[in-house]
Each structure stands twice: as C-alpha cells, then as structure tokens.
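# Structural overview for review
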2 protein chains.
Amino acid sequence: MSDQVMYTLEPDEQPTHWYNVVADLPVPPPPPLHPGTRAPVGPDDLAPLFPPELIAQEVSAERYVEIPEPVLDVYRQYRPSPLYRARRWEQHLGTSARIYYKYEGVSPAGSHKVNTAVPQVYYNQLNGITRLTTETGAGQWGTALSYAAALFGVECEVWQVGASYDTKPQRRTLIEVFGGTVHRSPSRLTEAGKAFAEDHPGSLGIAISEAVEVAAQDPGAKYALGSVLNHVLLHQTVIGEEALRQLAKAGEPGADLVVGCAGGGSNFAGLSFPFLREKLAGNQDPRILAVEPSSCPTLTRGEYRYDFGDTAGLTPLMKMHTLGHDFVPSPIHAGGLRYHGMAPLVSHAVEQGYIDAVALHQNECFDAAVEFARTQGVVPAPESSHALAQVRREALAAAETGAEPVIVVGLSGHGLLELGAYATYLSGNLEDDPLSDAALAEALANVPVV
Amino acid sequence: MSDQVMYTLEPDEQPTHWYNVVADLPVPPPPPLHPGTRAPVGPDDLAPLFPPELIAQEVSAERYVEIPEPVLDVYRQYRPSPLYRARRWEQHLGTSARIYYKYEGVSPAGSHKVNTAVPQVYYNQLNGITRLTTETGAGQWGTALSYAAALFGVECEVWQVGASYDTKPQRRTLIEVFGGTVHRSPSRLTEAGKAFAEDHPGSLGIAISEAVEVAAQDPGAKYALGSVLNHVLLHQTVIGEEALRQLAKAGEPGADLVVGCAGGGSNFAGLSFPFLREKLAGNQDPRILAVEPSSCPTLTRGEYRYDFGDTAGLTPLMKMHTLGHDFVPSPIHAGGLRYHGMAPLVSHAVEQGYIDAVALHQNECFDAAVEFARTQGVVPAPESSHALAQVRREALAAAETGAEPVIVVGLSGHGLLELGAYATYLSGNLEDDPLSDAALAEALANVPVV
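Now for a look at the structure at hand. (Residues numbered from 1 in each chain as written. Chains lettered and ligands numbered in written order. Predicted model: local features only at pLDDT ≥ 70, side-chain atom pairs only at ≥ 80, totals over all residues. Heavy atoms only, no water.)

### A word on the overall build of chain A
Scanning chain A from N- to C-terminus turns up 18 helices and 15 strands. Rg of the C-alpha trace for chain A: 20 Å, near the compact-globule value of 22 Å for 450 residues, within the 12% margin. In terms of overall dimensions, chain A has a C-alpha envelope of 60 × 50 × 45 Å along the principal axes. The buried share of chain A, taken over its 450 residues, is 67%. (Helix = DSSP H or I, 4+ residues; strand = E, 2+ residues; numbered from the N terminus. Rg over C-alpha atoms; globule rule 2.2 N^0.38 Å. Buried < 20%, exposed > 50% of the residue type's maximum accessible area, 1.4 Å probe, protein only.)

Laid out in structure tokens, this is it:
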C-alpha cells in the first residue's frame, strides 16, 4: 500500500466549472417567495441586493457554470485544497475504515468561505459596485469577504454577531488586517439594529438584517451572503469536484460515506453535491450525512416550511428547515452553526431522502477534535469538529464489524482563532446545551403561515 | 508565461536526506567549549542532554544525513511545504523582480519548527526517553515539540517566556491541545527560575536554563532545543532542499537573492544552506541575506565571541555573534527573534563572507506584512515579516532599475496567533525600539573572556 497521505491535483486537472445540483434533482426545489406579495420572486426582486450574474446563478438550472478566469486566478493561490488520508487517526481508533479529509483551512481566510467570497466580489466589481456589506457569525465569512474585497479593490463592511465580537477580538483584527471594517451587531447604524439593546448578544439573523438594510440604501453598495443561497452553494462545489478527482488519485473508486457539518449549508453542499450527482447517476452510492449541533438542530428538529432568512423579515421567504427566524441559539462555540435555517437546496435534498442528518453535543465534538489534532496535527474549527465526531462514531462502528468503508469528511476550516473555546473545553467547563422543546415551540410559533 | 503560482513536488521528488553544510565549508567552524574546563566539548559532555543520534549529527562532517523513515512518514503529512510565486504582491509593488516564498505555515504547528521537533522526539523515544523539556519564546517551538511528542507518546513540558505567556493565552492553549504542559518562565520549579522575581518578563536564556536544569536531574528526561545547534539547522535544510527543486519546477535555474529572518538561525539556515551549497559549488550565485530586528541585532551589532547559550551559563560556550548571554531584549512582538545569540554555523558563514545581514524596525515589518496579507492572503508571523520587509526594499529597488532578480524568501510561519501584535500596529501604537549603544555595551560586558 502506498504511504502517501496527501493528495493534490496537477494544474490541468483542476475543476473549471461549478456544479449546479438543480439540474439533476428529479423534483425541482420550491421557489423563494416575495416577503410582501408571497408570489415567487423574480430576478428583478433580487436586483437591489445582488449583481445580475449572481441572480442568474441563483435561478439557474444549467448543470455546469464556468468559473471566470479572474476567479480561477485567485483559486490557484490556494486550490486545490489538499485531500488527506487520516492514517494516524485511523490507527489510533483501531478502525478498518479508510478516512479521507478535505481540508479547506489552507485558504487565505482559513475556511471554505473564500471559495464564494471571491466570485461574489468579482461579479460585484464587474458591475461597478464599490462597497459590500455583510454579516459574520464565527467570523470566517467576514474574513473571507474582506480578503476577496481587498483583491478587487472593493470596500467591505462587516456586521459581526455581538457575542462573537465580544469574545473574539482576534477575528476582528484579522478582518481589519485584510482591510475590512467591523461593526458589532446589533449596531446603532441601522433600524434593524436599534430594535435591540446595544449589549444584546446578537444573532446571524439580526446581523443579516443590518447589512441588508445598509446595502439597500446605497446605490453603490450591494449585500453579500456567505451561505444558504443557491449561488453560494454553487461556488462551494469546487470542494466536492476536487475531492472526487483526488479520491480517484488515492485509488478509491468512490465513497461509502460523505460527512460534513451544516450551519447555513454551503460547506456541506459544496463537498456533498458533486457526490450526490454521482449517486443520482448510479456511479457511486455514498450515504450523505449532515451534522449539526444539538443546540441549533435545524435539520433534525426544525420544520420544513417557508420562513425568512433574517430576523427582520427583509429577505425572501425560503422553503427550508427552520427553527424560526427569530430563534436565538445558545452561545455555543461553533458560531458558524448558529443559523436558524438551512440552505433550501440542502433542505430539499433531505426531504427527498438523498441526505441524512444527525445532531451532536459539543463536548463530544471537541473531544474528537482534540484527538484529531494530536494525531493529524490540524486543530479543527469547532464547526468542523461536528463532522469529525460523527466520523469517529462511524469509524468505531466499522472497527466492531470489520467493515472497510471509505469515508470522506469535510474539514471546513482550522480552529486557530477559536482556541478560547478549546481552553474552556480542556478546563472541563464546557456545557452541552441542547435546545429544549419549549424553546423550540416558542421559536416556531413566529414562522409565518404561507 | 504560466499562470501557475503554487509549486509542489511529487512523492518521489521529495528530499530523503538532510544537508550538512559543514562538509562544504572551506574553513571549519570553531568547536563548542565546555563551560567549566573551556576545552572543546566531546560527545560525552552532551550525553546528559541529548540522545546519541543527535550528538552524532551535532558533530558530523558528513555531507548528507538520511532522514529516518518514521520521520519521513510525518513529513509526508505536511511536506513539501508549498513554494509560491508572489505574483499579486509583485504587481502591487510594480516590480520586475520575481518573488517566490517558501511557506512553512502549513505545518501542524504553523511554523518550520516541526521539521526538527519530529526527528528530535523520534531519536529520544528510540532511546527510551519518556519526557522532554524545552523552552519557548513566541510559542512556535513549544507547539511543535508538543505536537511531535504526542505522535510518539512522549511527555512534553514547556517553559514559556513570561512576557509571551502573559500576553498570548492562545499559544498556551494550542500547546495543551497537542497534549503538552506549559510553565511560565521564570518558574518556581527550578533554581535558575528562582533567581528572578516571579513576575519577571523572562527571556529565552532563562527559559533554556530552566528546561536544561530539569532534564539534567531526571534520567528519563532529555532536553530539546528549537534552534541554534548544528543538528537543529541540519533538520531544517529540508526547506531549502525542497525550495531548490520547486524553483526548478517553476522554470528558474537559480536564485539571485535568498532572504530569511534570523532569530536563533534555524529557519534562516534551513532555507539558505542548500543554496549556499550551490553557491560554493559554483552552480548558482545568490546573495544570501539574514534579517533581524533592530531591537535584537545579533548579527549586525553583536560581537563574534564565545558565549553561553543560556542565561545561567549551563550550556557549552559557542563561538557566535552575541549580544551577551544575559541580554534581555525589549518585548518586541517577534518573540522568535529575541535570542541573544546566533547559530554558530550561521555566525561562521557570516564571518566567512558567505552571508550578509541587515536589521529592521518592526513598524516597517508589520507594514510589509499587512500589504502581503492583502495581496497574497497569508498573514505572516511577525518574525517572517522581517524577511518580507527586506524583500520589499529589494523589489522596489529592482523596480527603479528594471532588474529582474529571482528572490526566494522564507515565510517561516503564519501570524494567526499574533493578531494582538497586528492590532497594536493597526492602531498606530506600535513603537520601534532599537537597542541603545549603552544597553549593548552593558550586555557585552558580561560575555566571558575565553
């Protein structure tokens, strides 16, 4: 057996197109609805927020979308991200499973978010936009957009969820190193923000409302979203496209299990949709599994209904698994998994039975992450640790039966700016905080009836 | 021209040997002396601190040392580190220079230090050692040793320089995530530590004394040093060996300028010694340049004399550029460049005229680092920023003359755990703090007369 553990791609093997899963889904996903009229939204409704190319991608049914050369030119700085065989972790677990992890932490911002930040900024700049607004939770999206904006000479303004802003000054500094501006959300700069007390811990929903409000009022500005929407998921498919090619290079004809963490859904979809294409085509038959936190269990306990993407109800209504648009999850450390909804495309694929979901407690996730760090030498983002904890369960089950599944797991980013969370875990003071039935019922009560 | 910017190596192209520059130096370097007798030290003198394989490497004159398979097996997890063409930075600078950076930040601990931590732990474990002690300044070495120790099941205890321990809790957490134990230095656990007040900011020299003292008293323990010594520099040559091969892949027959930051000297030597071999053999003629901080200007203002490696005078006397073994530099942010001495092999090569040195102020370095981050997407370690600032000077000079030098620069690590320093720089509150003549004279007065 080869002792190679890191798989890359030659320049001429790298993907030149993003993959649009809509083209291959037998049942089309339900359309988004206008927040006022409740009629399906058309491209015109989205024009105040997004440039035409992104709107076209949002509603496209084409199977492949060509990656523009200026975007490929940035991708070449850090892509392909490596696919690693986790041989030391396998040995430690005593498993017969073969575990491969696709590591997005090598990107300039340390996570997969750069994959969509770059094309989003590129298309905006192409349309004369000089200012982009956005929200950030864990901070990874704000970092990515700030970096991409610097490359294309666009101004970047980030509303950072209050709880994250207060506890992670390093994240703010990193955004500033890349040239972006950071506001604590809820801020005093918007009506959406002023609806909350200044020291409110904030939520992604509130921060989205603030960024959308500012962009809508400035003709030179647009808004950029780091997850959930179809075009964002589309851009992330470069992850899965590479992983398929790298897996083949590792001598594996296919995956038996594909695992990713799911917050808004873009990391998960980016890795898994190209595998779903192969599954739908009958080329491979992987089980595809989304992992979420017990404190924000959108797919496993949310309802599949039309709901707003933000707290103030400014976005279109999207059919998705939701905990309610004004749900404020407990401040668990995986800030990127604290969104009340789930990407409509991921939700639809779950409803259609192509994708399974599971929710885990955070102590189990950090435990797996520390074990992973000590064997593989990568400190995972707390978000990614959810996927790893589930992989550990599967690998230990394989050890029992002697099965030899090929597992592909998405390691969406590194956790080097989340060491405070690791310190809390190591001190034994981290608490699991699953969502209560009462809190869930209360949040769902405010979902609009469509 | 190719638009490729990242160069890697195929598995069969990767170096299998470390390079020992001693074999090619026309004048042999002066030997280390016993701290008591002042006679040249023999292998027996080093036996309490190091295992036999490392001692053999320390005194070896063989040109190539084979990398053991268990070490190669770990190297394969993160090596080759990528060589990047800094095309976007070049464009920003308007330079005709071609700048390549060798990026060691992809390693498990985020810096080049892992390259020597792994073989050091391996050889110790081979000799039945179950506990390793060491010091750490910026924290990169402690992190690397802690990770390597976890891989081989060895206990790791780290004395962290007080100033660094107090201001960088994340660094301590990272060492603990990898399973190591951290003590603030000066500690109450050693005589060397108790000689100083408990709230003393510490220095590398003090921390070395503490770690050496503890190792010397425990027969199951040895000490590990992250820089300075010949065997450490030897292990780091994997950087330069890879860079030479990658540069050839990029279509460059050779380098005109090789630049690295120099603290203890191992990062600098690791990149530059293989290039020095090519220079001595007449295959290439690069200028080789070490960059250090103005606040700790060992090569540019220190004296080339025998001095101790630590504050307490426990180590052998080494002929090196020194500011005096009890010199405590101002607490600049590049903790890894705060050592009073310089690797004897680097010092010797400077004396022989093969290597030049320059000292820079830290504000210029952070300015270059931020520019680099915004173009290349990598936040450099403050240490590495010194090398980048010098490269910027050279690149801007080339822009004036239209010269097209090929510049290879070592990016020894990322700065994601040093964002506090970046925040201070961005706020405009960072001060340059060059060493005064009076302070230098005072420190040099205590260098022993040999």
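### Focus: the interface of chain A and chain B
Think of interface size as the accessible area that goes away when the parts come together; that is how it is often given. Of the residues lining the interface, 42 residues belong to chain A; the matching set on chain B comes to 42 residues. Across the interface of chain A and chain B, roughly 3,500 Å² is buried in total on both sides, 60% from carbon and sulfur atoms. For the pair chain A and chain B, the interface holds four salt bridges. At the level of elements, α3 (69–78), α6 (140–152), α8 (169–177), α15 (362–376) and α17 (419–426) of chain A are the ones that each hand at least two residues to the side of chain A that touches chain B. Examining the composition of the side of chain A that touches chain B, we find that six residues originate from one element, α3 of chain A, more than from any other. Along the lines of polarity and charge, the residues of the side of chain A that touches chain B split into 23 nonpolar, 10 polar and nine charged. (Contact = heavy atoms within 4.5 Å. Buried area = accessible area lost by both parts, 1.4 Å probe. Salt bridge = Lys/Arg side-chain N within 4 Å of Asp/Glu carboxyl O. Nonpolar A, V, L, I, M, F, W, Y, C, P; charged D, E, K, R; others polar.)

### Some remarks on the sheet that holds strand β8 (residues 181–185) of chain A
Residues and elements named next belong to chain A. Overall, parallel pairing links the four strands, which are arranged β8-β7-β6-β9 in an open sheet. What marks the edges here is a single partner per strand, and that holds for β8 and β9 (221–223). Within this sheet the neighbouring strands show an average axis-to-axis angle of 25°, counted without direction. By the bridge criterion, six bridges tie strand β6 (residues 131–136) to strand β7 (residues 155–161) in an arrangement that is parallel. Directly across from E135, in β7, lies its bridge partner W159. Across the sheet, helix α10 (residues 204–217) lies against β6, β7, β8 and β9, angled at about 170° from β6, the strand it touches most. (Pairing = 2+ DSSP bridges. Axes fitted to C-alpha atoms, helices over the stretch in contact; angles between N-to-C directions.)

### Here we look at the packing of aromatic side chains
Residues and elements named next belong to chain A. Enumeration over the complete set of coordinates arrives at 24 aromatic pairs over all chains. With a centroid separation of 6.2 Å and an interplanar angle of 50°, the aromatic rings of F50 and Y223 are classed as tilted. You can see F50 sitting in the loop between α1 (43–46) and α2 (52–59) and its partner Y223 sitting in strand β9, a full 173 residues away along the chain. Each member of the pair, F50 as well as Y223, carries the same accessibility label: buried. Consider the rings of W89 and F372, whose centres lie 5.2 Å apart with planes at 90°: the pair is edge-to-face. Of this pair, W89 sits in helix α4 (residues 87–93) while F372 sits in helix α15, placing them 283 residues apart in sequence. You'll find W89 and F372 in the same group, each marked buried. (Phe/Tyr/Trp six-rings, centres within 6.5 Å; stacked < 30°, edge-to-face > 60°.)

### Things to note about the pattern of salt bridges
According to the stated counting rule, one finds 60 salt bridges over all chains in the structure shown. A salt bridge links E241 of chain B to R277 of chain B; the shortest N-O distance between them is 2.7 Å. Residue E241 of chain B is found in helix α11 (residues 230–249), and its partner R277 of chain B is found in helix α12 (residues 266–280); the two are separated by 36 residues along the sequence. When the shortest N-O distance is used, the salt bridge between E371 of chain B and R392 of chain B registers 3.3 Å. Residue E371 of chain B is found in helix α15 (residues 362–376), and its partner R392 of chain B is found in helix α16 (residues 382–401); the two are separated by 21 residues along the sequence. Taking relative accessible area as the criterion, E371 of chain B reaches 17% and is therefore assigned buried. The network of salt bridges with common partners includes D3 and R88 of chain A together with E69, D73 and R76 of chain B.

### Examining the packing of α8 of chain A against helix α17 (residues 419–426) of chain B
The interhelical angle for the contact between α8 of chain A and α17 of chain B, taken along N-to-C directions, is 55°, at an axis separation of 9 Å. Between α8 of chain A and α17 of chain B, the crossing angle belongs to the class labelled oblique. Both α8 of chain A and α17 of chain B take part in a crossing whose hand is left-handed. Contact with α8 of chain A, carried on its side by Q170, T173, L174, E176 and V177 of chain A, involves L419, Y422, A423 and L426 of chain B of α17 of chain B and no other residues of that element. For the contact of α8 of chain A with α17 of chain B, a count of residues per class yields six nonpolar, two polar and one charged. (Parallel < 35°, antiparallel > 145°, perpendicular 65-115°, else oblique. Left-handed = near helix turned anticlockwise from the far one by under 90°.)

### Re the environment of H231 of chain B
All names here are of chain B. For H231, the location among the structural elements is in helix α11. Given a relative accessible area of 1%, H231 falls into the buried group. In the structure, H231 is positioned 179 residues away from G410 in sequence and 20 Å away in space, judged by C-alpha atoms. The contacts of H231, once residues within four sequence positions are left out, are F50, L54, Q57, E58 and Q120. Separated by 2.6 Å, the side chains of H231 and E58 make a polar contact. (Polar contact = N/O pair within 3.5 Å; in protein donor to acceptor, adjacent residues only side chain to side chain.)

### Quick word on the state of the cysteines
Residue and element names in this part refer to chain A. In this structure the tally under the stated criterion is zero disulfides over all chains. Between C261, a free cysteine, and C365, which holds the nearest cysteine sulfur, the sulfur-to-sulfur gap is 9.6 Å. On the basis of relative accessible area, C261 is assigned to the buried category, the value being 3%. The class of C365 is buried, set by a relative accessible area of 0%. (Disulfide = S-S within 2.5 Å.)

### Section: the relation of the copies chain A and chain B
You can overlay chain A on chain B at an RMSD of 0.0 Å; the transform is a turn of 180° with a shift of 0.0 Å along its axis. Expressed as an axis order, the relation between the two copies is that of a two-fold axis. Mapped onto chain B, 100% of the interface residues of chain A again fall at the interface, so both copies present the same surface. (Least-squares fit on C-alpha atoms with pLDDT ≥ 70 in both.)

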